[in-house]
Amino acid sequence: MRKSILAVIAIATIQFVTAQTPEERGLQIAKAAEEADLGFKSSSVELKMILKNKNGQTSERTMTTRTLELTEDGDKSLIAFNSPKDVKGTATLTFTHKVGSDDQWLYLPSIKRVKRISSNNKSGPFVGSEFAYEDLSSQEVEKYTYKFLEEKGNLLIVEQDPVDPKSGYTRRVVTYNQDKGYRIEKVEFYDRKNALLKTLTYSDYKLYKDKFWRAGTFNMVNHQSNKETLLKFSDYNFGIDLSDEDFSQVALQRAGN
């Protein structure tokens, strides 16, 4: 009797998966990834950014990122550059929204002013890197429509089409690892002409607090310019004492000084 019940459950599960449309399964995977990462509340991390030009020459920057998790809307984040001198004090504040364009501000110490980043410029490069300003936003399910493409062992490949018409991308192709908390392994970005623009690879993952997977390395390769940006993460801290006041324009200016 026990075997027959398990068999019925297995068959029902298979039928449910096969009955799903590609759009439904893609959305289900994105929701599973979001659910797996809920509850970190706040975090800080140190980063080293390595810029590589098409000739292979490199330059380095260091920065600190703080993030505040919000469930009613998208997360808030603040990035402040610590070195070298020409970018030290530059800071970016991002309010991700589940619906509508994100709010972003840039503090430039050279003019001691906060500039609002227009939603029309969100596809522009973030401080000379291969990351765009829109890449700084948290991964909110509502920001895309979905289509499941392929399953390769423990990897699930999903196409994501941005809802925002001002996005610099027509689509992203995202690879999730379903055996590791639906963490993202790779993202391919396609430009407004639907040509492959960039590939972001995640590696050196570690599990924090027995739940939260965080990559130690991001590698963004621009296939059209042959430039590359490497991000190295260290000293992750979770559940630190942060509030909305730490993500204001006043806090943005303070981070840059």
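Only a predicted model underlies this, so the values are computations on that prediction, with no experimental measurement involved.

Visitor: Got a minute to help me understand the packing of aromatic side chains in this structure?
Guide: In this description, an aromatic ring pair is defined by two values, namely the gap between the centres and the angle between the planes. Tallied over the full model, the rule gives 14 aromatic pairs. Geometrically, the ring pair formed by phenylalanine 126 and tyrosine 133 is edge-to-face, given 5.6 Å between the ring centres and 80° between the ring planes. Classification of tyrosine 133 as buried rests on a relative accessible area of 9%. An aromatic cluster is defined as three or more aromatic residues linked by ring pairs; in this entry it consists of Phe40, Tyr202, Tyr208, Phe212, Phe218, Phe233, Tyr236 and Phe238. Of note, arginine 183 hangs over the ring of tryptophan 213, and the distance from its end group to the ring centre comes to 4.6 Å. Looking at lysine 198, its charged tip hangs above the ring of phenylalanine 189, at a distance of 5.2 Å from the centre.

Visitor: Just to check I follow, could you spell out the pattern of salt bridges for this structure?
Guide: Pairing between side chains of opposite charge can happen when the charged atoms of each approach one another. Counted under the stated rule, the structure contains 12 salt bridges. For aspartate 164, the salt bridge identified is with lysine 122, shortest N-O distance 2.9 Å. Separated by 42 residues along the polypeptide, aspartate 164 in the loop between strand S8 (155–162) and strand S9 (171–177) and lysine 122 in the loop between strand S6 (113–116) and strand S7 (144–152) bring together distant segments of the chain. On the accessibility criterion, aspartate 164 (17% relative accessible area) is buried. One network of salt bridges, in which partners are shared, links Lys98, Glu140 and Glu142.

Visitor: I would appreciate a short explanation of the side chain of glutamate 188 in the present structure.
Guide: Counting through the fold element by element, glutamate 188 comes out in strand S10 (residues 183–190). For the buried residue glutamate 188, which engages in no salt bridge, the nearest side chain bearing the opposite charge is lysine 186, 4.1 Å off. Discounting residues that sit within four places of it in the chain, glutamate 188 has contacts with Arg171, Arg172, Val173, Leu196, Lys198 and Thr199.

Rules used throughout
Residues numbered from 1 in each chain as written. Predicted model: local features only at pLDDT ≥ 70, side-chain atom pairs only at ≥ 80, totals over all residues. Heavy atoms only, no water. Phe/Tyr/Trp six-rings, centres within 6.5 Å; stacked < 30°, edge-to-face > 60°. Buried < 20%, exposed > 50% of the residue type's maximum accessible area, 1.4 Å probe, protein only. Lys NZ or Arg CZ within 6 Å of the ring centre and 35° of its normal. Salt bridge = Lys/Arg side-chain N within 4 Å of Asp/Glu carboxyl O. Helix = DSSP H or I, 4+ residues; strand = E, 2+ residues; numbered from the N terminus. Lys, Arg positive; Asp, Glu negative; His and termini not counted. Contact = heavy atoms within 4.5 Å.

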